[in-house]
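# Structure assessment
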Amino acid sequence: MSQLFAGKNKSGLTRELIEALFPMFEEASAGAIAVDRQTRITWINHSYSQLLGLDDPAQAVGRPVQQVIPQTRMPEVVETGKPLLLDIMEHNRQQLVVTRLPYYDDKGEIEGAVAFVLYDDLQPLTPLVSKYRRLHQDLAAARKALARKARGTRYSLGDFVGASPAALEVKRRARLAAGRDMPVLLLGETGTGKEVLAQAIHTVSARADRPFVGVNVAAVPENLLEAEFFGVAPGAYTGADRRTRDGKFQLANGGTLFLDEVGDMPLPLQAKLLRALQEGEIEPLGSNKVVQVDVRVIAATSQNLEAMIAQGSFRSDLYYRLNVLEITIPPLRDRLADLGVLCEALIGEICEGQGLRGEITDAGVAALGSYDWPGNIRELRNVLERALTMSEDGDLLDADAIFKVLQRSRSRAVSAMVPRSVRPLARIMAEAEAQAIEEALLVSRGNRTRAAKLLGISRSVLYEKLAKMS
Ligand SMILES: Nc1ncnc2c1ncn2[C@@H]1O[C@H](COP(=O)(O)OP(=O)(O)OP(=O)(O)O)[C@@H](O)[C@H]1O
Ligand SMILES: [Mg+2]
């Protein structure tokens, strides 16, 4: 202890104070340490070196404190001269409550700092600590969201969950696609993760810090598609803006353009898209000037494009342009081995968003395996979400909980036949519509084109209604 303040001048007031208080603090604390002006350790007591897991406290003396305690904020205290009276520091997954004080020589110059670990057992501080943890998690989530927002994407390759051979092959091809600047075609049923994968490829590619722009061809009314893609020149038509309106191609310039539901593109637009891809230039509506664009296209569809080519509703030359690298995402029923990891990831996500806790038992996962998942991972997510909402907080989802939800979604059609009390007509009609849409999607195994046909409405109207329902 005598070498603690081995400085040349022993008359500094603050130091005297600290020297007087030190034995008391050291006694009461779970560890104590001192550093000099250069933040080298001058002294460390036995209990602190034990807490840090050091074999020999003497070896720590003379070393920069950051080397011994990576999370330390002692340098900040020495630098600013301001004490940190209460701070939580993580060391080896342990959270310590520490107080750090600078000390001065008699000229008022900083000589170093001392720190005490006030608690190594945070049990009595649980409410404070859990608040700290929550804030920490919120901060991490907000940072992640910000980074994703800056890129325009929410997903990276790690978000495509799966360890089955089929899922690994998808990821291998996605990584390959990310490394090369070529068009990619994603094929897969509804809810298999085409959007997830498209964003992930962009995020891992050299274009990651440029925009990712998605356009859902099926959701845009046919007469607006051209403007949506290529933009509009000022005053192109009566009522058009005086200003130029950029299309998705211009917005995606330098980055990635995601053409979702590309099978829904009308033939005349297919020709224009082909030209844009071949020439790397586009012509905004009502303009006679061409604009150079540099985009990588990732297209996706749940339709069978080859069959559409045979029927004459999709151009084969466009198909070959888009399909330089094809990735087929298998339906969930063909990779049931991934149910376990998917459940873990999805439950984690759902709970994080709603402040719930939840887990699923092996029997629960097995129960999920008995179903054939026409809506794929989107449907799995919905089922888990419903099961979690119905269970008590912290409950394990077992086979019973899963069957309850699965049966309910299957028997909804039947329960609708039971007369219910009279309600406003608008509500009854909205419910009937929602139910008709759900049934159509079920019958068409999630194929929205078929569902729209069955319902006698256009795809864009179906999309509009789906968006209102979710
Ligand atoms: N491999 C996966 N791992 C984790 N979550 C996934 C995976 N695939 C899909 N999801 C989740 O399932 C939902 C649907 O995914 P996504 O929107 O990418 O499907 P899609 O193939 O584009 O469907 P659609 O054809 O209906 O547009 C999203 O909530 C997504 O986060
Ligand atoms: Mg999609």
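Just so we're clear, the structure is a prediction, and the values are computed from it rather than from any experiment. (Residues numbered from 1 in each chain as written. Chains lettered and ligands numbered in written order. Predicted model: local features only at pLDDT ≥ 70, side-chain atom pairs only at ≥ 80, totals over all residues.)

### Points about the sheet that holds strand β11 (residues 296-301)
Selection rule: Being paired, for any two strands, means DSSP has found at least two bridges between them. Only runs of H or I of at least four residues qualify as helices and only runs of E of at least two qualify as strands under DSSP, and these elements are numbered from the N terminus. Every axis corresponds to a line fitted to the C-alpha atoms, with the helix fit spanning only the stretch in contact, and the corresponding angles, defined between N-to-C directions, vary from 0 to 180 degrees. Throughout, a residue-residue contact means that the two C-beta atoms, derived from backbone geometry, are no farther apart than 7 Å.
Taken together, the 5 strands give an open sheet; going across it, the order is β7-β8-β11-β6-β12, and neighbouring strands pair in parallel fashion. Pairing within the sheet leaves two strands with one partner each, and these edge strands are β7 (212-216) and β12 (325-328). Across the sheet, the mean angle separating the axes of adjacent strands is 15° when strand polarity is ignored. One ladder, built from 4 bridges, connects strand β8 (residues 256-260) with β11; its direction is parallel. Residue pairing across strands places L259 opposite A299, the latter belonging to β11. Strands in contact with helix α7 (residues 165-179) are β6 (184-187) and β12; relative to β12, the strand with the most contacts, it is inclined by about 155°.

### Quick word on the environment of A399
Tracing the sequence through the fold places A399 in helix α17 (residues 399-415). Separated by 35 residues in sequence, A399 and G364 place their C-alpha atoms 4.0 Å apart. Excluding residues within four positions of it along the chain, A399 makes contact with A363, G364, A366 and A367.

### Focus: the site of ligand 1
We count it as follows: Only the C-beta atom matters for nearness: placed from the backbone, it must lie within 6 Å of the molecule or strand for the residue to count as near. Think of it as three bins: nonpolar holds Ala, Val, Leu, Ile, Met, Phe, Trp, Tyr, Cys and Pro, charged holds Asp, Glu, Lys and Arg, and polar takes everything else, Gly as well. The domain limits used here are those given by an automatic or database domain assignment.
In the vicinity of ligand 1 there are 17 residues, among which V161, T190, G193, K194 and E195 approach most closely. When residues of the shell around ligand 1 are traced back to their parent elements, those giving at least two are α8 (194-204) and α16 (376-390). The residue makeup of the shell around ligand 1, split by class, is 5 nonpolar, 7 polar and 5 charged. Shared between two domains, the shell around ligand 1 holds at least three residues of each, these being domain 2 (157-330) and domain 3 (334-415).

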